[in-house]
Amino acid sequence: MDTASQTLPTATVDAYLRRIGAARPERADADRLRELQQRHLRSVPFENLAIHLGENVVLEDEPLVAKVVGARRGGFCYELNGAFAALLRSLGFGVTLFQARVFKGDGQLGIPYDHLALRVETIDGTGPWLADVGFGDHCHYPLLLEERGDQSDPAGTFRIADAPDGDVDVLRDGEPQLRLDRRPRELGDFEAGAWYHRTSPASHFTQKLVCSRLTDEGRITLSGRKLVTTAQGERTERELGDDAEILAAYRAHFGVELDRVPEVRERRAGDTAQ
């Protein structure tokens, strides 16, 4: 269990729960965890706008929660799962941070600390669970970490499989997504991974803009100037026009208020974060 971070103040927890449209759970059990994860996915967008707006990313509980709750923004994995961990811990769940490497399209693994995921313990003893609100289009509900059979989810069929060196792979519909290292980590351990993804021209986060969240019908994503909606399995795309229309789309679909449109700038080796 990650004990380095303290629990959040009661008022902050209440504000966080309002942000995701959830009531304070009476028990830190599996059903409440499932509800909190899905409400988070529907309310808080997966987005990398900070990278393209020149904003700093601080991997500490207070600024992460302030961004999600106070600024009503989203973030990428380190931010979203970091903030979600602070909420869960404050509600009585046992939380451990895991580092993971992401499988790329060619089957190769990304960098160490490529991704932050959560091992969560509940008071009903049903877990441990693998919870994740920071991987974009991924499972809607937590996965049983020690289960090796198929686990059904609205996003597909997931399976956790043993991997070398005590790691485990997370597969979706037979395709490997993540390789998890199950040794406990602290938020500060992810600084190098976050720096890489904010600055490296090889990172897909510096190459593309994304703002995406789960919806009742499917998913909605704003990628640069393209609005992509998936509803009941049917995908539609629409190119947006001027900056005013783009800012209105961020506001209407994601609740994100921006004073300027983020733009991808060309990055070269040796570039540093703003």
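Quick notes on the rules
Residue numbers here run from 1 along each chain, matching the order of that chain's written sequence. For this predicted model, a pLDDT threshold of at least 70 governs which residues receive local features, and a threshold of 80 or more governs which side-chain atom pairs are given and counted, while totals over whole chains, interfaces and linings are taken from all residues. The side-chain figures draw on all heavy atoms in the structure; neither hydrogens nor water molecules are used. By definition, two strands form a pair when at least two bridges between them are found by DSSP. Per the convention used, a helix needs a DSSP run of H or I reaching at least four residues, while a strand needs a run of E reaching at least two, with both numbered from the N terminus. Paired rings are identified among Phe, Tyr and Trp, the last through its six-membered ring, by centres lying within 6.5 Å, and are further divided according to the angle between planes into stacked (under 30 degrees), edge-to-face (over 60) and tilted (the rest). Type-normalised accessible area, obtained with a 1.4 Å probe on protein chains alone, sets the label of each residue: buried when under 20%, exposed when over 50%, and partly exposed for intermediate values. Cysteine sulfur atoms are paired as a disulfide whenever they fall within 2.5 Å. Contacts are assigned to residue pairs with any non-hydrogen atoms lying within 4.5 Å of each other. Structural elements are reduced to axes, namely lines fitted to C-alpha atoms, with helices fitted over the stretch in contact, and the angle between N-to-C directions of any two is expressed from 0 to 180 degrees. Site definitions follow a grid-based scheme: protein atoms alone, a 1 Å grid, a 1.4 Å probe that fits but cannot get out for cavities, and for pockets an open set with protein on both sides within 12 Å along at least five of seven lines, plus lining residues having an atom within 4 Å of a point. Grid points are joined across faces, edges and corners, and a volume is the space filled by probe spheres set on the points. Side-chain classes follow a simple rule in which Ala, Val, Leu, Ile, Met, Phe, Trp, Tyr, Cys and Pro form the nonpolar group, Asp, Glu, Lys and Arg form the charged group, and the remainder, Gly included, forms the polar group. If you view the pair so one helix is near and one far, a crossing is left-handed when the near helix is turned anticlockwise from the far one by less than a right angle, and right-handed when it is turned clockwise.

## Describing the sheet that holds strand S12 (residues 226-231)
Sheet strands associate in pairs through backbone hydrogen bonding, adopting either a parallel or an antiparallel arrangement. Reading across from one edge, S1-S10-S11-S12-S13 is the order of the five strands in this open sheet, with antiparallel pairing throughout. For this open sheet the edge positions go to strand S1 (46-47) and strand S13 (234-239), each flanked by a neighbour on one side alone. Taken together, the two bridges between S1 and strand S10 (residues 211-214) define a ladder with antiparallel strand orientation. The residue of S10 that forms the bridge with Glu 47 is Cys 211.

## A closer look at the packing of aromatic side chains
Applying the stated rule across the entire model yields five aromatic pairs. On the basis of an interplanar angle of 45° and a centroid distance of 6.1 Å, the ring pair of Phe 46 and Phe 205 is categorised as tilted. Pair noted here: Phe 46 is in strand S1 and Phe 205 is in helix H7 (residues 204-207), with a separation of 159 residues, a long-range link. In this pair, the class of Phe 46 matches that of Phe 205, namely buried. Aromatic pair Tyr 113 and Phe 190: ring centres 5.3 Å apart, planes at 85°, arrangement edge-to-face. Remark: Phe 190 occurs in the loop between strand S9 (175-185) and helix H6 (191-199) and Tyr 113 occurs in the loop between strand S2 (94-102) and strand S3 (115-121); sequence separation between them is 77 residues. A relative accessible area of 0% places Phe 190 in the buried class. By way of ring pairs, the aromatic residues Phe 46, Phe 76, Tyr 78, Tyr 113, Phe 190 and Phe 205 are connected into one cluster.

## A look at the state of the cysteines
Considering all chains together, one arrives at zero disulfides under this definition. In this model Cys 139 remains outside any disulfide bridge; the closest cysteine sulfur is found in Cys 77, 14 Å from its own. Under the relative-accessibility criterion, Cys 139 is labelled buried at 3%. Unpaired in terms of disulfides, Cys 211 finds its nearest cysteine sulfur in Cys 77, a separation of 16 Å.

## Re the pairing of S10
Where S10 lies against strand S11 (residues 218-223), four bridges are found, and the strand directions are antiparallel. Within S11, the position partnered with Ser 212 by the bridge is Thr 221. Joining the antiparallel neighbours S10 and S11 is a turn of three residues.

## Brief notes about the sheet that holds S2
Spatial ordering of the open sheet is given by S5-S4-S3-S2-S9-S8-S7-S6, a layout of eight strands whose pairing is antiparallel. At either end of the open sheet lies a strand with only one pairing partner, and these are strand S5 (143-144) and strand S6 (151-153). Pairing geometry for S6 and strand S7 (residues 156-162), over three bridges, is antiparallel. Within the sheet, the bridge partner assigned to Ser 152 lies in S7 and is Thr 157. Along the sheet, helix H5 (residues 77-90) contacts S2, S3 and strand S4 (129-131); its crossing angle with S3, the most-contacted strand, is approximately 15°.

## A word on empty space enclosed by the protein
What the rule picks out here adds up to two cavities of 30 Å³ or more. Volume-wise, the second largest cavity comes out at about 40 Å³. If you go around the second largest cavity, the residues you meet are Leu 41, Val 44, Phe 46, Val 133, Gly 136, Ser 212, Arg 213 and Arg 219. Taken together, the residues that form the lining of the second largest cavity break down as four nonpolar, two polar and two charged.

## With respect to the packing of helix H2 (residues 30-43) against H5
Packed helices, taken two at a time, are described by the angle between their axes plus the distance between the axes. In contact at an axis separation of 12 Å, H2 and H5 are set at 145° when each is read in the N-to-C sense. As for how H2 packs across H5, the hand of that crossing is right-handed. Only Leu 80, Phe 84 and Leu 88 of H5 make contact with H2, whose side of the interface consists of Leu 33, Leu 36, Gln 37 and His 40. Residue composition of the contact of H2 with H5, grouped by class: five nonpolar, two polar and no charged.

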